[in-house]
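Results of the structural survey
Listed below, chain by chain, are the residues.
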Amino acid sequence: MYSHSQEAVIALSFNQDHGCFTCSMEDGLRIYNLEPLSEKAHLDVSVVGSIGICEMLHRTNLLAIVGGGSRPKFAENTVLIWDDLSKKFVLEFTFTSPVLAVCMRRDKLFMVLKTEVHVFSFPNNPKKLFTFETRENPKGLCEVSPLASSERQLLVFPGHKCGSIQLVDLSTTERGMSSAPFTISAHQAEIACIAVNQQGTMVATASKKGTLIRVFDTTKRTQLVELRRGADPATLYCINFSHDSEFLCVSSDKGTVHIFALKNTHLNRRSTFSKMGFLGQYVESQWALANFTVAAECACICAFGSKSSVYAICVDGTFHKYVFTQEGNCNREAFDVYLDVCEDSDF
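Quantities reported herein were computed from a predicted structural model and do not represent experimental measurements.

Rules behind the numbers
Residues numbered from 1 in each chain as written. Predicted model: local features only at pLDDT ≥ 70, side-chain atom pairs only at ≥ 80, totals over all residues. Heavy atoms only, no water. Salt bridge = Lys/Arg side-chain N within 4 Å of Asp/Glu carboxyl O. Helix = DSSP H or I, 4+ residues; strand = E, 2+ residues; numbered from the N terminus. Buried < 20%, exposed > 50% of the residue type's maximum accessible area, 1.4 Å probe, protein only. Pairing = 2+ DSSP bridges. Phe/Tyr/Trp six-rings, centres within 6.5 Å; stacked < 30°, edge-to-face > 60°.

1. Remarks on the pattern of salt bridges
Taken as a whole and judged by the stated rule, the model has 11 salt bridges. Two residues, Glu35 and Lys321, come together in a salt bridge whose shortest N-O distance is 2.5 Å. One end of the pair, Glu35, is in the loop between strand 3 (28–33) and strand 4 (38–44); the other, Lys321, is in strand 28 (residues 318–324), with 286 residues separating them in the sequence. Exposure remark for Lys321: the relative accessible area of 9% places this residue in the buried category. What emerges from the salt-bridge pattern is a single network uniting Glu35, Lys321 and Glu333.

Structure (structure tokens):
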């Protein structure tokens, strides 16, 4: 999701069903399909400038864009909505401070500032519905459940207390009413990564320490499982649930993508020394079912595809696809340089 300043790629982001991804770049914007890997749209720097953030609305013609990089055409405190059918910007939202992240649902738009999350109706005649305050949120952490058919419209963002998250069910909140979010104390250190499953029934969190991922039931507000990425601190770039919420994948600056089982947790590995207690608190944690490697210290996003496959999209321009088994085997099925893939059809 995040960038290396020396790379042409500034940011990467999946759409809601993880079937496409956006590539925000110094020289504009590219949209890719994943199965098969193909470029679907290309907006040149002469049209949109360098881009810091781009979010898709499923596979529709609407994109949310925020300027960034070294050649921006638009201010970093402005969100613009691009209509790829009319090939023009159709909406504009301006704030008093930089926009750090944008999330989209078919009926709502979420703009994240350093200490606020603004919620707007969308796309017809947008109106501000809510503003939620957060503790300082420099990474713009915010996640929403994407499914329109889901009973819950779950919004998750950092809480006021260090290591906490706030949960809001927007389906039970009326416009303009002060809704008190429910707080979960997830970690002792600052929250660094958040993920929500498709149905909005589970949320996964990690702290800036990057060793543990905790998964919570959003209805009962209880912890379901604690997963251990590793013993050494790491910067986590991305967490994602599989579509059926049976697995979880995590990418970090260690250059490893870890895959955990959520439904059948007995598939996850346990410490060899767990019965002897040599690892102390590690005894209660579960380690990854499977993992694969990409370039170390190269930011990448990861998500599940079809038939037990996992994608990793890296800011160095590489695309990785691995298939894992319940026995813990992980084999590479595809590798490509997506920046070399040319546009082949209309978006």
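2. A look at the sheet that holds strand 13 (residues 143–144)
Ordered in space as 13-14-15-16, the four strands form an open sheet in which the pairing is antiparallel. Either end of the sheet is taken by a strand with one partner, and the two such strands are strand 13 and strand 16 (182–185). As paired strands, strand 15 (residues 164–169) and strand 16 are joined by four bridges and run antiparallel to one another. For Leu167, the partnering residue across the bridge sits in strand 16 and is Phe182.

3. Here's the deal with the packing of aromatic side chains
In total, this model carries 14 aromatic pairs according to the counting rule given. Each ring, one from Phe21 and one from Tyr32, has its centre 5.0 Å from the other, and the planes form 15 degrees; the classification is stacked. In this pair, Phe21 sits in strand 2 (residues 20–25) while Tyr32 sits in strand 3, placing the two residues 11 residues apart along the sequence. Accessibility expressed as a relative area gives 0% for Tyr32, which makes it buried. Judged by centre distance (5.1 Å) and plane angle (75 degrees), the rings of Phe247 and Phe324 are edge-to-face. A residue pair is termed long-range when its members are at least 10 positions apart, and Phe247 in strand 22 (residues 247–252) and Phe324 in strand 28 qualify at 77 residues. Pair check on accessibility: Phe247 and Phe324 agree, each one buried. Ring pairing ties together the aromatic residues Phe21, Tyr32 and Tyr338, which thus form one cluster.

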